[in-house]
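Chains, contacts and geometry: an overview
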Amino acid sequence: MSVSTFATAPSVCAPLPVLGRDVTVPLVTGGEVTYAALDYAASAPALQRVWDDVAAYAPYYGSVHRGAGYLSQLSTDLFENARRTVAEFLDCRDGDQVVFTRSTTDSLNLLAAALPAGCQVFVFETEHHAALLPWRDARVTVLDAPRGPRQAVETLERALADRDPHGPALVCVTGASNVTGELWPVRELAAAAHAHGARIVLDAAQLAPHHPVSVEDLDVDWVAFSGHKLYAPFGSGVLAGRADWLREAEPYLAGGGASRKVTRRTDGGVDVEWHDSAARHEAGSPNVIGAYAVASACKALTEAGFDTLVAREQYLVAKVREGLADVPQVRFLSLFGDDAPRVGVLSFVVEGWNSSHFAAALSAEYGIGVRDGLFCAHPLVRTLLGSDPQTQGECGAPEAAPGEKSLNAIRVSFGAGTPDEHVERFVRAVKELVTDGARWNYRTEDGRCVPDRSA
């Protein structure tokens, strides 16, 4: 897809207003520049709409569910309406539950705690650690990284065909890779899971901010995502889907809100009757503002129109890829091929550069924020880089000094609030660094590559 295909996109599809779009940052070489936030895959900036909605509600904030006062009742209505808004955003089925959590990681850990005894979990090595690691009390089968959507489905089908058909099983899969941005064949994977009597949970952390997610159309059993990637950075996440395993599981946390009735026994203990609604897994005072922010973001993206947002994002993806096509030192990472559909997430390595050094130079000399490292997806990045999958490394931490071989990559990511200038500056900066090198000296400090200000 060429840039010319979207030549009119900027004029008909302006970026959505986000906080921080006018923030300036100092350059190590002198002066200041408007910050180019190109790390949306880690945390997206807050939509102005979300911030305004939260600010308007803040004076009316109160406890929820049990208060008789006006602010408590208003907050309760707002909290439960947020739940309904999220259900509509995800196109949930009748009977599905929407549980508010802290993040995608929290959501998947909650589901892991709700698995029936003897459940077998199938997960690709390509997953983010949030989807790869929570299943500690289950039998886990880790599947090799596929090299195409069809291979992904075939790999899963073979694994499921070999399982015990009588026990419960769960498949966990991403909707869009947090490393390559590539879209996964979720609908086909769900069909394969169900054909073999398994259920499926969709990690939509990178998908939901960029594409519509329909639980009913994709036919997934659960979906999980984070508010901070959906332009709502107030510490809230969502697990939505089938109610039965959640209703039958012990509460994720024990405490007020999750309990319907608590009575004292004659032996000194207590008997507890737990809620069977979403409240069962929402013990304690809920993050009302976080839930409201997520709902506000859902409304804002829906009203903006995903067709329009996707078209603009693809225009920016093409701008990056075509802008760097004539730079042979830059190699983009991909599982499914360069032409595979993807969201606005691209990871790459630069020949002759340590990834941490390159990212530090982008920040210090150009005011561009990207991410470097293994992106909390160690097995996938090591597979893509052809390095030893057993090599240890901290999440996101560099493993080499400037000029040394790097086992990490660089990730640039963007979304609904990204202006053209940020992407254009990034492309220009990459070319200049590859051609001319860094203009400043750098050193390693506390595991990070930073400008050497003693020079």
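Throughout what follows, the structure given in this document is the object of discussion.

Cut-offs applied
Residues numbered from 1 in each chain as written. Predicted model: local features only at pLDDT ≥ 70, side-chain atom pairs only at ≥ 80, totals over all residues. Heavy atoms only, no water. Core = buried A, V, L, I, M, F, W, Y, C linked by side-chain atoms within 4.5 Å. Buried < 20%, exposed > 50% of the residue type's maximum accessible area, 1.4 Å probe, protein only. Helix = DSSP H or I, 4+ residues; strand = E, 2+ residues; numbered from the N terminus. Contact = heavy atoms within 4.5 Å. Pairing = 2+ DSSP bridges. Axes fitted to C-alpha atoms, helices over the stretch in contact; angles between N-to-C directions. Parallel < 35°, antiparallel > 145°, perpendicular 65-115°, else oblique. Left-handed = near helix turned anticlockwise from the far one by under 90°. Phe/Tyr/Trp six-rings, centres within 6.5 Å; stacked < 30°, edge-to-face > 60°. Lys NZ or Arg CZ within 6 Å of the ring centre and 35° of its normal. Expected span 1.5 Å × (residues − 1). Patch = residues over 30% accessible without salt bridge, like charges linked within 9 Å, V, L, I, M, F, W, Y side chains within 5 Å. Areas by Shrake-Rupley, 256 points an atom, 1.4 Å probe, with all protein chains shown as cover. Salt bridge = Lys/Arg side-chain N within 4 Å of Asp/Glu carboxyl O. Disulfide = S-S within 2.5 Å. Lys, Arg positive; Asp, Glu negative; His and termini not counted. Charge placed at Lys NZ, Arg CZ, Asp CG, Glu CD.

Counting residues in hydrophobic clusters, the biggest one holds 82 residues, and the most contacted among them are Val86, Leu90, Leu156, Leu202, Phe225, Leu230 and Val238. Sort the elements by how many residues they give to this core and helix α10 (residues 288-304) lands first, with 9 residues. For Val238, the contacting residues outside a window of four places in its chain are Val86, Leu90, Val98, Val99, Phe100, Thr101, Ser107, Val223, Ala224, Phe225 and Val294. By size, the runner-up hydrophobic cluster in this structure holds 36 residues, among which are Val350, Ala361, Leu362 and Val430.

Looking now at the environment of Ala224. With respect to the helices and strands, Ala224 occurs in strand β9 (residues 222-226). Each C-alpha atom, one on Ala224 and one on Arg260, is 26 Å from the other, the two residues being 36 residues apart in sequence. Sequence-distant contacts of Ala224, defined by excluding residues within four places in its chain, comprise Thr104, Ser107, Leu108, Leu202, Asp203, Ala204, Ala205, Val238 and Leu239.

With mixed pairing, the 7 strands of this open sheet are ordered in space as β4-β10-β9-β8-β7-β5-β6. With partners counted over all chains shown, the strands left at the sheet margins are β4 (97-101) and β6 (139-143), one partner each. For this sheet the average axis-to-axis angle between neighbouring strands, irrespective of direction, equals 20 degrees. The sheet contacts of helix α7 (residues 186-195) involve β7 (169-174) and β8 (199-203), and relative to β8 the element is tilted by about 155 degrees.

Tracing the backbone through its elements, the reader meets Thr76 in helix α3 (residues 70-89). When its relative accessible area of 17% is taken as the criterion, Thr76 is described as buried.

The contact between helix α6 (residues 149-161) and α7 brings their axes to 10 Å, and the two run at 15 degrees. Taken together, the axes of α6 and α7 are roughly parallel relative to one another. As α6 runs across α7, the sense of the crossing is right-handed. Residues Ala152, Val153, Leu156, Glu157 and Leu160 of α6 touch α7, and the partners they reach there are Glu188, Leu189, Ala192 and Ala193.

To continue, consider the packing of aromatic side chains. Tallied over the entire structure, the rule returns 14 aromatic pairs. Relative to Phe100, the ring of Phe79 has its centre 5.4 Å away and its plane inclined at 45 degrees; by these criteria the two rings are tilted. Highlighted residues: Phe79 in helix α3 and Phe100 in strand β4, separated in sequence by 21 residues. Residue Phe79 shares its accessibility class with Phe100, and that shared class is buried. Aromatic rings pair up to connect Phe332, Phe348, Trp353, Phe358 and Phe426 into one cluster. Its end group placed over the ring of Phe332, Arg321 keeps NZ or CZ at 4.8 Å from the ring centre. For the cation-ring pair, Arg439 lies above Tyr366, with the distance from its terminal atom to the ring centre recorded as 5.2 Å.

Attention shifts here to the sheet that holds strand β14 (residues 345-350). In any sheet, the strands associate via hydrogen bonds between backbone groups, in a parallel or an antiparallel arrangement. Sheet architecture is open: 4 strands sit in the order β13-β14-β17-β16, paired in antiparallel fashion. Of all the strands in the sheet, the pair left with one neighbour each is β13 (330-332) and β16 (371-373). The average angle at which neighbouring strand axes cross in this sheet is 30 degrees, direction not considered. In this structure, β16 lies alongside strand β17 (residues 409-413), joined through 3 bridges in antiparallel fashion. Residue pairing in the sheet places Arg371 in a bridge with Arg411 of β17.

Where helix α11 (residues 306-323) meets helix α14 (residues 420-436), the axes come as close as 9 Å, and the angle between the chain directions of the two elements is 15 degrees. Overall, the two elements α11 and α14 adopt an arrangement that is roughly parallel. For the pair α11 and α14, the sense of crossing is right-handed. Of the residues in α14, those in contact with Arg312, Tyr315, Leu316, Lys319, Val320 and Gly323 of α11 are Asp420, Val423, Glu424, Phe426, Val427 and Lys431.

A few words now on α14. Over its 17 residues, α14 extends 24 Å from the first C-alpha to the last, a length consistent with the 24 Å expected when each residue adds 1.5 Å. When α14 is considered as a whole, its buried residues turn out to be Asp420, His422, Val423, Arg425, Phe426, Val427, Ala429, Val430, Leu433 and Val434.

With that out of the way, let us pick up the pairing of strand β10 (residues 237-241). Among the 5 residues of β10, 5 are classified as buried, and the element is accordingly described as predominantly covered. Burial of β10 is two-sided: the residues Gly237, Leu239 and Gly241 facing one way and the residues Val238 and Ala240 facing the other way are all buried. As paired elements, β4 and β10 share 5 bridges and run antiparallel to each other. Following the sheet pairing, Val98 is matched in β10 by Ala240. With 5 bridges connecting them, β9 and β10 associate as antiparallel partners. Considered in β10, the bridge of Ser226 is made with Gly237.

Attention now goes to a nonpolar patch on the surface. Residues Tyr60, Tyr70 and Leu71 make up a contiguous nonpolar surface patch of roughly 330 Å² in combined accessible area. When you line up the elements, Tyr60 lands in the loop between α2 (48-57) and α3. On the basis of relative accessible area, Tyr60 is assigned to the partly exposed category, the value being 41%.

Moving on: the state of the cysteines. Throughout the structure, instances matching the rule amount to 0 disulfides. Free of any disulfide, Cys298 has its nearest neighbouring cysteine sulfur in Cys92, separated by 10 Å.

Burial within β17 is extensive, with 5 of its 5 residues counted as buried. Side chains Ala409, Arg411 and Ser413 of β17 all project onto a buried face; the interleaved residues Ile410 and Val412 project onto the opposite face, where all are buried too. In the sheet, β14 pairs with β17 via 4 bridges, with the strands oriented antiparallel. Paired with Leu346 across the strands is Val412, a residue of β17.

Turning next to a negative patch on the surface. Together, Asp91, Asp94, Glu216 and Asp219 make up a region of like negative charge exposed at the surface. Tracing the backbone through its elements, the reader meets Asp94 in the loop between α3 and β4. Owing to a relative accessible area of 83%, Asp94 belongs among the exposed residues under this scheme.

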